[in-house]
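Structural characterization, general
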Amino acid sequence: MNKLTQSLPSIGVLSLLLAAWWIAVAWSGSVIFPTPWQVVTGTAELIRNGTLWLHISSSLLRVAAGFGLAVALALPLGLWMGWVNGAYLTLNPLFQILRPISPIAWIPIAILWFGVGNASPVFLIFISSVFPMIVQTVAGVHTIEKRYLRAAENFGVSRYTLFRQVVIPAVLPQIVVGMRIGLGVAWLVVVAAEMIALRSGLGYLIMDSRNAGNRYDLVIAGMIIIGLIGLLLDGGMRLLEGHRLVRWRYAH
Amino acid sequence: MHTNGSARAKIDVRNVRKAFASEKVSLPVVDGVDLQVADGEFVALIGPSGCGKTTLMNLIAGFLQPDDGAVFIDGIERRKPSSQGILISQQGSIFPWLTVQENLMFGLNGHAHTDKTGIADHYASIVGLKGFETSYPHQLSGGMLKRAELARALVVKPEILYMDEPFSALDALMGLRIRNELLRILAEERHTVLMITHDVEEAIHLADRILVLSPRPTRVQAVFDVPFAHPRRLTSPEAQELRVAVLRQLGVDA
Ligand SMILES: Nc1ncnc2c1ncn2[C@@H]1O[C@H](COP(=O)(O)OP(=O)(O)OP(=O)(O)O)[C@@H](O)[C@H]1O
Ligand SMILES: [Mg+2]
C-alpha cells in the first residue's frame with residue numbers, strides 16, 4: 001500500500017514520457033523512429049522467434065565469466081595489498097594509472113590479443129570491473145579500526161583466525177559495495193563490447209537491428225531490456241547488502 | 001605507604017618514560033613512572049584528563065614501547081601484548097560483525113577446549129547477558145556492550161585485567177550495578193586488576209590501592225591504601241575522608 005503510493009510519482013513520469021514519445025512520433029510522421037507500440041510488437045517478435053533469450057543469455061554468460069574472473073582476482077589481491085604495505089606501495093601506482101582508462105580504449109588490444117570471439121568481451125569486462133573492486137577492497141582493509149586489530153592481537157589468535165574472524169568480516173561490506181560497482185560497470189561494458197564483430201548478445205542485437213534495415217523498434221527494445229536487466233542485477237547486489245554478514249555496517 | 005620491594009610483584013613498572021614526537025616537537029607524556037602491583041591486587045589509576053593514563057596503560061599492557069625504563073610481568077620483561085593480560089579499551093572493541101557468543105568465544109580460538117560455546121554462555125550469564133548470545137552488538141545497549149567486553153576478557157581467564165575507564169560512559173545506577181557484579185566475579189576468580197577511572201567513588205568502591213597521577217607529563221603523585229573490607233559502604237566517615245583526601249590531591253576542594 002505504502003510502497004504503491006511511493007512509486008506513484010515515478011509511474012506518472014514514465015507514463016508522461018511514453019505519451020510524449022508517442023505523440024511526437026505521430027506528429028512528426030517519422031517512418032524510422034518507432035512508436036511505443038511498435039517497440040512492443042518488435043519485442044514480441046523477438047520472443048516468438050527465440051532470438052531474445054539467445055541474446056540475453058549470451059550477454060549474461062559473458063558478464064558472468066568476466067566478472068567472476070575479476071572477483072576471483074580482485075578480492076585476494078585487494079586483501080593482500082591492504083594488509084601488506086609493501087604490496088600496496090608497489091602495485092597501487094600501476095592500478096591508479098590503469099583505472100581511469102576507459103574500457104572502450106582497450107577494444108583494439110582485446111581484438112589483437114583475443115580475436116573477435118567470446119574471449120574479447122570477457123577480457124573487457126574483466127578489465128573494467130577488476131580495478132574498482134581492488135580499490136574498494138584495499139580501502140576496506142585500510143579503514144578497519146585499529147581498536148579491533150589491537151583487541152585481536154591482545155587475544156593472541158593465529159593469523160588464520162585473525163583473517164577469518166576479524167579482517168575479512170570487517171572488509172566484507174566494502175567488498176560488497178565494490179562488487180556492486182564492478183557488476184554495474186561490467187553490464188555497461190558488455191553491450192559496448194558486443195557491438196564489435198560478435199554474432200550474439202544484446203549489444204549485437206542493437207547494432208544488427210540498425211544495420212539490417214533500420215529496425216529501430218528492435219534497437220529501442222534492446223535498450224529497454226538492457227536497462228531492465230541492469231536494474232535486476234543491481235537489485236540482486238542490493239540484496240547482498242542486507243545479508244546478515246554485512247548488515248552490522250548499516251545498523252547505526 | 002608505597003608497598004614496595006616485593007621481589008615478585010605481578011606488575012613491576014620501572015622508571016618508564018614515553019614521549020610522542022610530532023612535527024619537530026616532542027610531547028613528553030609519561031615521565032619516569034615507577035609502580036608495582038601485587039598478585040591479585042586491584043589498583044586504580046586516577047588523574048586529570050589528558051595526563052597520560054591511557055598511554056601508561058598501553059605501555060604496561062605491551063601495546064607501546066617505553067623510550068626509557070621497562071615493564072616486568074612476573075619478573076619477565078614485557079615487550080608485546082599477550083592474552084595473559086587483557087585490555088578493555090576506553091572506546092570498546094567488541095567486534096560488531098560477530099554475535100555476542102562469537103565475541104565471547106573469540107579468545108578461545110586455537111585452544112583445545114571441547115565446549116567453547118558452553119564456556120562463552122557461562123560468562124554471558126555471569127555478566128547478565130543470558131538470552132542475548134545470538135544478538136549482534138548493535139542490538140545491545142551501551143551498558144550491555146561493556147559487560148560483553150568484560151565477559152570476553154574473563155573467558156580466557158587472564159591473569160591481569162587492564163581496564164581503561166570501563167564504566168565511565170554508563171549512568172550512575174548502571175555503573176554501580178556493574179561494579180558490584182565485577183566485585184562478585186573477582187571474589188570467585190582471582191585476577192590482578194589495573195583500572196583507570198575519573199571517578200574517585202568508583203576507585204574507593206573497587207580498589208585496594210589508588211594511585212593519583214600528576215598532570216602531563218605524568219608521574220605517580222600520591223598513593224592511597226583503601227583498607228576497607230568488602231562490601232564497602234561509601235557513605236562511611238572513613239570513606240568520605242579518603243575521598244576528600246584523593247580529591248585534594250587532584251586539586252579539587254570538596
Ligand atoms: N599516539 C599518539 N600520538 C601523539 N600524541 C598522543 C598519542 N597518544 C596520546 N597522545 C597525547 O598524549 C597525551 C596523553 O594522552 P592519553 O590518552 O594517555 O591521556 P589520558 O590520561 O588517558 O586522558 P583521558 O583521561 O582523557 O582518557 C595527550 O596529550 C595526547 O594528545
Ligand atoms: Mg584515556
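As the structure is a computational prediction, the values presented were derived from the model and not from experiment. (Residues numbered from 1 in each chain as written. Chains lettered and ligands numbered in written order. Predicted model: local features only at pLDDT ≥ 70, side-chain atom pairs only at ≥ 80, totals over all residues. Heavy atoms only, no water.)

A closer look at the domain arrangement of chain B
All names here are of chain B. Defined as follows: Segment limits for the domains were obtained from an automatic or database-derived domain assignment. Once two parts are joined, some of their accessible surface, as seen by a 1.4 Å probe, is lost; buried area is that loss totalled over both. Salt bridges are defined as contacts in which a side-chain nitrogen from Lys or Arg sits within 4 Å of a carboxyl oxygen from Asp or Glu. In protein, a polar contact means a hydrogen-donor-capable atom and an acceptor-capable atom, both N or O and within 3.5 Å, with residues adjacent in sequence counting only if both atoms are side-chain atoms; elsewhere, any N or O pair within 3.5 Å suffices.
Domain assignment breaks chain B into domain 1 (1–84 + 160–254) and domain 2 (94–157). Just the C-alpha atoms count here: the centres of domain 1 and domain 2 sit 25 Å apart. For the pair domain 1 and domain 2, the summed buried area comes to about 1100 Å², and 70% of that belongs to carbon and sulfur atoms. On the domain 1 side of the interface with domain 2, the three residues burying the most area are Glu181, Ile185 and Glu189, jointly 34% of the side's total. Remark: the boundary between domain 1 and domain 2 carries one salt bridge. One salt bridge in this structure joins Lys157 and Glu189, with 3.8 Å as the shortest N-O distance. Seen at the junction of domain 1 and domain 2, the total is one residue pair in polar contact (both at pLDDT 80 or more).

Overview of the pattern of salt bridges
The criterion, for reference: Counting from the N terminus, the helices are DSSP H or I runs at least four residues long and the strands are E runs at least two residues long. Burial classification: accessible surface area is computed with a 1.4 Å probe over protein chains only, and a residue below 20% of its type maximum counts as buried, one above 50% as exposed, and the rest as partly exposed.
Taken as a whole and judged by the stated rule, the model has 21 salt bridges over all chains. Among the salt bridges present, the one from Asp234 of chain A reaches Arg238 of chain A, with a minimum N-O distance of 3.7 Å. Note that Asp234 of chain A and Arg238 of chain A are positioned in helix H10 (residues 216–241) at a spacing of four residues, about one turn of the helix. For Arg219 of chain B, the salt bridge is made with Asp31 of chain B, and the minimal N-O distance between the two is 3.6 Å. Here Arg219 of chain B is found in the loop between strand S9 (209–213) and strand S10 (220–225), whereas its partner Asp31 of chain B is found in strand S2 (residues 25–37), with 188 residues between them in sequence. The class of Arg219 of chain B is partly exposed, set by a relative accessible area of 41%. With relative accessibility at 25%, the residue Asp31 of chain B sits in the partly exposed group.

Quick look at the coordination of the magnesium ion (ligand 2)
Residues and elements named next belong to chain B. Filter applied, for reference: Because water is not among the atoms used, a metal site may look incomplete, as its donors are only the N, O and S atoms within 2.8 Å, or 3.2 Å for Na, K and Ca.
Protein-derived ligands of the magnesium ion (ligand 2) are Thr54 (OG1) and Gln90 (OE1), with the metal-ligand distances lying across 1.9 to 2.4 Å. In this pair, Thr54 sits in helix H1 (residues 53–61) while Gln90 sits in the loop between strand S6 (85–88) and helix H2 (100–105), placing the two residues 36 residues apart along the sequence. Take Thr54: its relative accessible area is 31%, and that puts it in the partly exposed class.

Looking at the site of ligand 1
Residue and element names in this part refer to chain B. Heads up, the condition is: Whether a residue is near a molecule or strand is decided by its heavy atoms; if any one of them lies within 4 Å of it, the residue is near. Methods summary: accessible areas were calculated by the Shrake-Rupley approach with a probe of 1.4 Å, and residue burial reflects only the protein chains presented. Each residue is assigned to one of three groups, with Ala, Val, Leu, Ile, Met, Phe, Trp, Tyr, Cys and Pro labelled nonpolar, Asp, Glu, Lys and Arg labelled charged, and all others, Gly among them, labelled polar.
Every one of the 14 residues lining ligand 1 counts as a neighbour, but Ser49, Gly50, Lys53, Thr54 and Thr55 are closest to it. Here Thr54 contributes a side-chain N or O atom positioned 2.6 Å from an oxygen atom of ligand 1. Between Glu165 and ligand 1, the recorded distance is 3.4 Å, taken from a side-chain N or O atom to an oxygen atom. Across the complex, the protein chains shield 63% of the 630 Å² of accessible surface that ligand 1 would expose by itself. Of all the secondary-structure elements, those providing two or more residues to the shell around ligand 1 are S2 and H1. By residue class, the composition of the shell around ligand 1 is four nonpolar, seven polar and three charged.

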